[in-house]
Amino acid sequence: MSYEFLQHYWCFIVSLLGALLVFLLFVQGANSVARSLGYTEEGRRLVYNSTGRKWEFTFTTLVTFGGAFFASFPLFYSTSFGGAYWLWMIILFTFVLQAVSYEFQNKIGNLLGPKTFQFFLTLNGIVGPLLLGGAVATFFEGSNFIVEKNNLVDITALTPVISRWANASHGLDALLNPWVLVLGFAVVFLARVLGILYVMNNVNDEDIRSRGSVRLIGAAVPFLVFFVAYVIHLLLKEGYAVDEMGRIYMEPYKYFNNFIEMWYLLIVFLIGVVLVLFGIGKTILKKDYNGGIWPAGIGTVLAVLALLLCSAWNNTAYYPSTADLQSSLTIQNSCSSEFTLTTMFYVSLLVPFVLAYIVYAWRAIDKKKLDKEEIKTDHAY
């Protein structure tokens, strides 16, 4: 195994975790439309109990995604998580609110009332996907940071800092870029699409399923508008390329060229898009079909995986700097040592067993469809 292989391998693993995280945002998406899916209080509790079975998967994947980035590409971790900390702290805060809200919304003695915690779930359902989508967009649009590796050998510096944010916004400035918001809202509505499809599949309630078909159209249309607009923008924009000496330069149609030169990623991306459209279309057109979450979910993972790899492979800077072009991060200049990546490679061989356990646990949790009788038990949210 060469060092170059290990760099590309861990880029793939991190991208796969990111793609799985986007799929698992169906929890946030369903919570954001819970009040319209479940017209009554009983209906809303059905939605919250449906997503309450899975919120741990989303939160765990988010933490694992960050941990994998820290271990394999530590300079990205210190630059983004350390520099753009307001962005990431808001994301984490809304996820913590989500966990608290599930447990306390219907507890006896809840002074704030169920509606307050349900509002927190809705807040997480909108802000979480929006900011996570915006964070992904910075892989293509760039962020405002500076990397100075020479600080490591500066004997005058008591606490050498390699990277720093170039302004005081610490990540929130990314939201001033309209294209960051376009991809962010695309992820918000994609999460809603997946959330509606999941609830329709998981909840045994005809009223929710019938309302879900209508709400699905309302989420799918803006998702397609935002998503298509961003993909067109991405294929036509300049990208951050890396030459043989490691210097960063702007290349016209870089991401379009990446898809052409890495044709296998283009195929994966197109298959993913087709599966998402199939899951949406069949659910809308066929009234007795409620399995759209599976083709749409698999399609989401494939499409997002291809996009993330397109941002990093083929001599591309995956975390470009708008403050100093040469500070942009690539999988070569931001990765861990060869020894670390090799050691983690062997550890990663356990991942299939973990995935098998997740599949087993998922099937056990969903063995019986959620109905109104179950929310009357002591284990209901």
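Residues numbered from 1 in each chain as written. Predicted model: local features only at pLDDT ≥ 70, side-chain atom pairs only at ≥ 80, totals over all residues. Heavy atoms only, no water.

**Details of the pairing of strand E4 (residues 248-251)**
By the bridge criterion, four bridges tie strand E3 (residues 239-242) to E4 in an arrangement that is antiparallel. Bridging from a neighbouring strand, glycine 239 pairs with glutamate 251 of E4. (Pairing = 2+ DSSP bridges. Helix = DSSP H or I, 4+ residues; strand = E, 2+ residues; numbered from the N terminus.)

**Comments concerning unusual backbone geometry**
With a phi angle near 50 degrees, histidine 170 is a residue other than glycine that sits in the positive phi range. Examined against the element boundaries, histidine 170 turns out to sit in the loop between strand E2 (163-165) and helix H9 (178-202). Its identity is not glycine, yet asparagine 315 carries a phi of approximately 55 degrees, on the positive side. Tracing the backbone through its elements, the reader meets asparagine 315 in the loop between helix H13 (293-310) and helix H14 (338-348). Judged by its relative accessible area of 47%, asparagine 315 is partly exposed. (Buried < 20%, exposed > 50% of the residue type's maximum accessible area, 1.4 Å probe, protein only.)

**Some remarks on the packing of aromatic side chains**
Applying the stated rule across the entire model yields 40 aromatic pairs. Ring centres of tyrosine 9 and tryptophan 10 lie 5.6 Å apart, and the angle between their planes is 85 degrees; this geometry places the pair in the edge-to-face category. Look at tryptophan 10 and you get buried, because its relative accessible area is 7%. The ring centre of tyrosine 289 lies 4.4 Å from the NZ or CZ of lysine 282, which sits over that ring. (Phe/Tyr/Trp six-rings, centres within 6.5 Å; stacked < 30°, edge-to-face > 60°. Lys NZ or Arg CZ within 6 Å of the ring centre and 35° of its normal.)

**Notes on empty space enclosed by the protein**
If you walk through the whole model with that rule in mind, you get three cavities of 30 Å³ or more. By volume, the largest cavity amounts to about 270 Å³. Along the wall of the largest cavity there are 18 residues; nearest its centre are Leu190, Phe223, Phe227, Val304 and Leu307. Of all elements in the fold, only helix H8 (114-141), H9, helix H10 (206-236), helix H12 (263-285) and H13 reach the threshold of two or more residues within the lining of the largest cavity. Taken together, the residues of the lining of the largest cavity break down into 17 nonpolar, one polar and no charged. (1 Å grid on protein atoms, 1.4 Å probe; cavity = no way out; pocket = protein on both sides within 12 Å on 5 of 7 lines; lining within 4 Å. Points joined across faces, edges and corners; volume = space filled by probe spheres on them. Nonpolar A, V, L, I, M, F, W, Y, C, P; charged D, E, K, R; others polar.)

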